[in-house]
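Below are the chains, spelled out letter by letter.
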Amino acid sequence: GAYVLTKDDVLLGRDHDDNIARGCYPIDIHDPAGGHTTFAFIRDGGSYGIPYRCLLPDRVANLLVAGRCLSSSHEAHGSARIMATAMATGEAAGTAAALALADGQLPADSQFSVTALREQLHSQGAILDRNDCIMGVK
């Protein structure tokens, strides 16, 4: 993707100017041999931002990816893959597609307004930034 969500993004609770969703589940890595799961928790029990750029594939300008398909490292995927986060990125992808179509643009166009996308998502009740949530509850 245009941006790869990393383990550090998750564990440090990073924010991005183009957050379109938030994640708050710890990283869980399942042992392929079975039996054990390793957890790594977000600093201070917080949350992290998922940037719009994670929904933009490198080589396809008219496609958005969300949920388990978003651009992330293996470790970050261990957090971002859960259903609530997948639904939030799906809402962002659908909203971005509608806005791009209405403006006659592609989602990856440089003139696509991520600010307008964030405003629309916020008006729909999406949790985008730390000040949108208190202990994970809006």
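Cut-offs used in this document
- Residues numbered from 1 in each chain as written.
- Predicted model: local features only at pLDDT ≥ 70, side-chain atom pairs only at ≥ 80, totals over all residues.
- Heavy atoms only, no water.
- Helix = DSSP H or I, 4+ residues; strand = E, 2+ residues; numbered from the N terminus.
- Rg over C-alpha atoms; globule rule 2.2 N^0.38 Å.
- Buried < 20%, exposed > 50% of the residue type's maximum accessible area, 1.4 Å probe, protein only.
- Contact = heavy atoms within 4.5 Å.
- Axes fitted to C-alpha atoms, helices over the stretch in contact; angles between N-to-C directions.
- Parallel < 35°, antiparallel > 145°, perpendicular 65-115°, else oblique.
- Left-handed = near helix turned anticlockwise from the far one by under 90°.
- Nonpolar A, V, L, I, M, F, W, Y, C, P; charged D, E, K, R; others polar.
- Pairing = 2+ DSSP bridges.
- Phe/Tyr/Trp six-rings, centres within 6.5 Å; stacked < 30°, edge-to-face > 60°.
- Core = buried A, V, L, I, M, F, W, Y, C linked by side-chain atoms within 4.5 Å.
- Salt bridge = Lys/Arg side-chain N within 4 Å of Asp/Glu carboxyl O.

Student: Account for the overall build of the protein chain, with residues named and values stated.
Tutor: Broken down by element type, the protein chain carries 4 helices and 4 strands. If you list the helices and strands of the protein chain from N to C, you get α-β-β-β-β-α-α-α. Computed over the C-alpha atoms, the radius of gyration of the protein chain is 15 Å, within 12% of the 14 Å expected from 2.2 N^0.38 for a compact globule of 138 residues. Within the protein chain, buried positions represent 39% of all 138 residues. Counting only contacts in the protein chain whose residues sit at least 6 apart along the sequence, the fraction spanning at least 24 positions is 65%.

Student: So, the packing of helix H3 (residues 83–102) against helix H4 (residues 114–123): which residues are in play, and what are the values?
Tutor: Each pair of packed helices gets described by two things: the angle between the helix axes and the distance between those axes. Where H3 meets H4, the axes come as close as 10 Å, and the angle between the chain directions of the two elements is 125°. Between H3 and H4, the interaxial angle falls into the category oblique. Viewed along their axes, H3 and H4 form a crossing whose handedness is right-handed. Along the contact surface, H3 presents Glu 91, Ala 92, Thr 95, Ala 96 and Leu 99, while H4 presents Ala 116, Leu 117, Gln 120 and Leu 121. For the contact of H3 with H4, a count of residues per class yields 6 nonpolar, 2 polar and 1 charged.

Student: Outline the pairing of strand E2 (residues 27–30), listing residues and values.
Tutor: In the sheet, E2 pairs with strand E3 (residues 37–40) via 4 bridges, with the strands oriented antiparallel. When the sheet's bridge partners are listed, His 30 is paired in E3 with Thr 37. Where E2 folds back onto E3 in an antiparallel hairpin, the turn is made up of 6 residues, including Gly 34, whose phi is positive at roughly 90°.

Student: Talk me through unusual backbone geometry; I want residue IDs and the actual numbers.
Tutor: Of note in this structure, Asp 44 is not a glycine but carries a positive phi near 60°. On the secondary structure map, Asp 44 appears in the loop between E3 and strand E4 (48–51). Judged by its relative accessible area of 75%, Asp 44 falls in the exposed class.

Student: With reference to specific residues and values, describe the packing of aromatic side chains.
Tutor: Within this structure, the stated rule accounts for 2 aromatic pairs. Considering the side-chain rings of Phe 39 and Phe 41, the 6.1 Å spacing of their centres and the 20° angle between planes classify their relative orientation as stacked. Judged by relative accessible area, which is 61%, Phe 41 ranks as exposed. With centroids separated by 5.4 Å and ring planes inclined at 20°, the aromatic side chains of Tyr 52 and Phe 112 adopt a geometry described as stacked. Of this pair, Tyr 52 sits in the loop between E4 and helix H2 (74–80) while Phe 112 is found in the loop between H3 and H4, placing the two residues 60 residues apart along the sequence. Looking at Tyr 52, the relative accessible area reads 2%, which means it is buried.

Student: Which residues make up the nonpolar core, and what are the values?
Tutor: Membership of the largest hydrophobic core comes to 26 residues, with the highest contact counts inside it found for Leu 5, Ile 20, Ile 50, Tyr 52 and Leu 55. Among the elements that line this core, the one with the most residues is H3, at 4 residues. Apart from residues no more than four positions distant in its own chain, Leu 55 is found in contact with Ile 20, Leu 63, Leu 64, Val 65, Ala 66, Leu 70, Thr 89, Ala 92 and Ala 93.

Student: Hey, could you go over the pattern of salt bridges for me, with residue numbers and the actual values?
Tutor: Tallied over the entire structure, the rule returns 6 salt bridges. Residue Asp 28 is joined to Arg 81 by a salt bridge in which the shortest nitrogen-to-oxygen separation is 2.2 Å. With Asp 28 in strand E2 and Arg 81 in the loop between H2 and H3, the pair connects residues that are 53 residues apart, well separated along the chain. Assessed through its relative accessible area of 6%, Asp 28 is described here as buried. Taking the relative accessible area as the measure of exposure, Arg 81 reaches 17% and is therefore buried. Of the charged contacts in the structure, one is a salt bridge between Arg 118 and Asp 129, with a shortest N-O distance of 2.8 Å.

Read these as spatial facts, not as claims about activity.
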